[in-house]
2 protein chains.
Amino acid sequence: MNRPRGRPARGQGLTAEAILDAALALLDEGGEAALSMRALATRLGVTPMSLYHHVADRAALLAALSERIYGGVLDGAPDDAPAEPALRALLLRYYDAVGRHPALTLAIFAEPAAFAGATLRITAQLEALLAGLTPQFAPWRDILVDHAHGSGLALSAARDAAQAKDLRRRHEEALDLLLGQLRATGKHG
Amino acid sequence: MNRPRGRPARGQGLTAEAILDAALALLDEGGEAALSMRALATRLGVTPMSLYHHVADRAALLAALSERIYGGVLDGAPDDAPAEPALRALLLRYYDAVGRHPALTLAIFAEPAAFAGATLRITAQLEALLAGLTPQFAPWRDILVDHAHGSGLALSAARDAAQAKDLRRRHEEALDLLLGQLRATGKHG
DNA sequence: ACCTGAACACCGTTCAAGT
DNA sequence: ACCTGAACACCGTTCAAGT
C-alpha cells in the first residue's frame, strides 16, 4: 500500500490503547492463531513495524491484555463486605472475565511471562478472603480457581446466548455447592 | 541437504508411530511453539512434506497425540471395583497425564477438533462412576475435571522433581477433600 | 518520536516430479 | 507408496532510513 511515510501530520497517531482494543478483538473473534502482529497491523491500517513503537513484542502485548482484563476483576470490590459474599462475587467476576475472553486466558496459560500482575493479585485477594473462612485455604483456593478457569473456558463452546446463560447458571450452582461445603468444613475443620 | 529422493531402499521408512514419538518430545521439551511441522521433520531427518504422507495435518497430529496420551488413562481400570476408589484412581491417572504433558493439554484446549475421542470417553466414564455416588453428578464432574486440569497444568511450574512430588501430594489431599464432600453430599443429598 | 520498506529467519501446506 | 524440491502465503522481529 502507498501510505505516506514518516510521522503523521496530526496528533492522532497509533496509541497503545487502540492496539490493545484491536488485539483483543482479534483474539475474541478468531482465537490465539488470529492474533498475529501482521494481522493486527492490517486491522489498524498500519505496517507491522509501527506496533513495535508501542509494545515491546507479542508477549508484552498479551501481558498488557491480561492486565487490562484481569485487572478489572479486582475493581469495585468493597473491602468492608463479609468474606463469603465477597469471595463469591470475586469468583463470579473472574469466571465472567475468563468466559468473555477464553482465547486470552488460554494464551496466558501458555505464556508464563503474562502470569505476573493481575492474576497474582486476584489469587492473593482470594487467599485473604479464604483465610477468614477456613484453615485449609490452599486447597480451596486451587479448587475454586480451577473451577472458574475450566467452567469459564467451557463457556466458549456455547452455541448461543441462551446456552451461555444456562451454563452460567449451572456454574453458579456448582460454585454455591462448593461454597456450602467450604462453610461446613470451616466450622468443624 | 542432499538426501536421496524417492522411496528409501529398505523397509524402515517413516512411521506414524515415530512421528508421534518425536512430536510429543518436541511438545514436552519446548511447549506448543516448539512443535512445528518443519522442526518435527528436521528431528526425524526428513523433509517437512514427508510427514504429510502419514498425518493429514498439524491438527490431526495433535488429535492423534491426544488419543495416545489420554487413551491410556482409561486402560487398566478394573470395572468390578467399587465406584469411589475407581473414581479416585481414574482422576489421579488423568491428573498424571495432564501433568506429564501440559503443553499437549493446552494445545488440545485450543484445538476443538482434538476434543473428540479419549477425553470424551474419560468424561463418560467419570459420569458413570459419579452417578452411583450422588444425584448431582454434573456439577461434581465439572469440579473434579477442572481440578485435575488446573492442578496438572500447575505441575509444569515445578522447579524440580521434589517440588513436583510435593505438588502431587497436595493435589491428592485436595482431591480427597473433594471426595469427602462428595461422599457427605451423596448420603443426604 | 513515530512511521516506513526491506530483510532475515521462520511457519503450514500444496503441487508436480522423482523412484 | 513414499519421498523429494520448489513454491505460496503466511509468521515475529530487526535495521536503516525517512519526516
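This structure is a prediction, so every number in the text was calculated from the model and none was measured.

(A) Inspection of the relation of the copies chain B and chain A at higher detail. Expressed as a screw transformation, the operator carrying chain B onto chain A has a rotation angle of 180° and an axial translation of 0.0 Å, and the superposed copies differ by an RMSD of 0.0 Å. As the rotation angle and translation indicate, the two copies are arranged about a two-fold axis. When each C-alpha of chain B is compared by its distance to the rotation axis, Asp146(B) comes out closest, at 2.8 Å. In this assembly, 100% of the residues forming the interface of chain B have copies in chain A that are likewise at the interface, indicating an isologous arrangement.

(B) Quick peek at the environment of Arg93(A). Residues and elements named next belong to chain A. Here Arg93 lies in helix α5 (residues 83-100). The class for Arg93 is partly exposed, based on a relative accessible area of 26%. Each C-alpha atom, one on Arg93 and one on Pro78, is 14 Å from the other, the two residues being 15 residues apart in sequence. Here the side chain of Arg93 touches Val73 through a polar contact of 2.7 Å, landing on its backbone oxygen.

(C) Highlighting the pattern of salt bridges. All names here are of chain B. Enumeration over the complete set of coordinates arrives at 30 salt bridges over all chains. Residue Glu29 pairs with Arg43 through a salt bridge whose shortest N-O separation is 2.8 Å. Taken as a pair, Glu29 in helix α1 (residues 16-30) and Arg43 in helix α2 (residues 37-44) lie far apart in primary sequence, 14 residues in all. The class for Glu29 is exposed, based on a relative accessible area of 58%. As a salt-bridge pair, Asp142 and Arg141 come within 2.5 Å of each other at their nearest N and O atoms. A relative accessible area of 31% means that Asp142 is categorised as partly exposed.

(D) Seen up close, the side chain of Arg141(B). Residue and element names in this part refer to chain B. For Arg141, the position within the fold is in helix α7 (residues 137-154). For Arg141, the side chain forms a polar contact with the side chain of Glu127, separated by 2.7 Å. When near neighbours in sequence (up to four residues on either side) are disregarded, Arg141 contacts Thr123, Leu126, Glu127 and Leu130.

(E) Looking closely at the interface of chain B and chain A. Listed by partner, the interface residues are 17 residues for chain B and 17 residues for chain A. Of the roughly 1,500 Å² buried between chain B and chain A, counting both surfaces, carbon and sulfur atoms make up 74%. Contact with chain A buries surface across chain B, with Ile143(B), Asp146(B) and Leu177(B) losing the most and accounting together for 33% of the total. Across the contact surface, chain B and chain A share zero salt bridges. Our enumeration of links across chain B and chain A arrives at two residue pairs in polar contact (both at pLDDT 80 or more).

Reading the values: rules and limits
- Residues numbered from 1 in each chain as written.
- Chains lettered and ligands numbered in written order.
- Predicted model: local features only at pLDDT ≥ 70, side-chain atom pairs only at ≥ 80, totals over all residues.
- Heavy atoms only, no water.
- Least-squares fit on C-alpha atoms with pLDDT ≥ 70 in both.
- Contact = heavy atoms within 4.5 Å.
- Helix = DSSP H or I, 4+ residues; strand = E, 2+ residues; numbered from the N terminus.
- Buried < 20%, exposed > 50% of the residue type's maximum accessible area, 1.4 Å probe, protein only.
- Polar contact = N/O pair within 3.5 Å; in protein donor to acceptor, adjacent residues only side chain to side chain.
- Salt bridge = Lys/Arg side-chain N within 4 Å of Asp/Glu carboxyl O.
- Buried area = accessible area lost by both parts, 1.4 Å probe.

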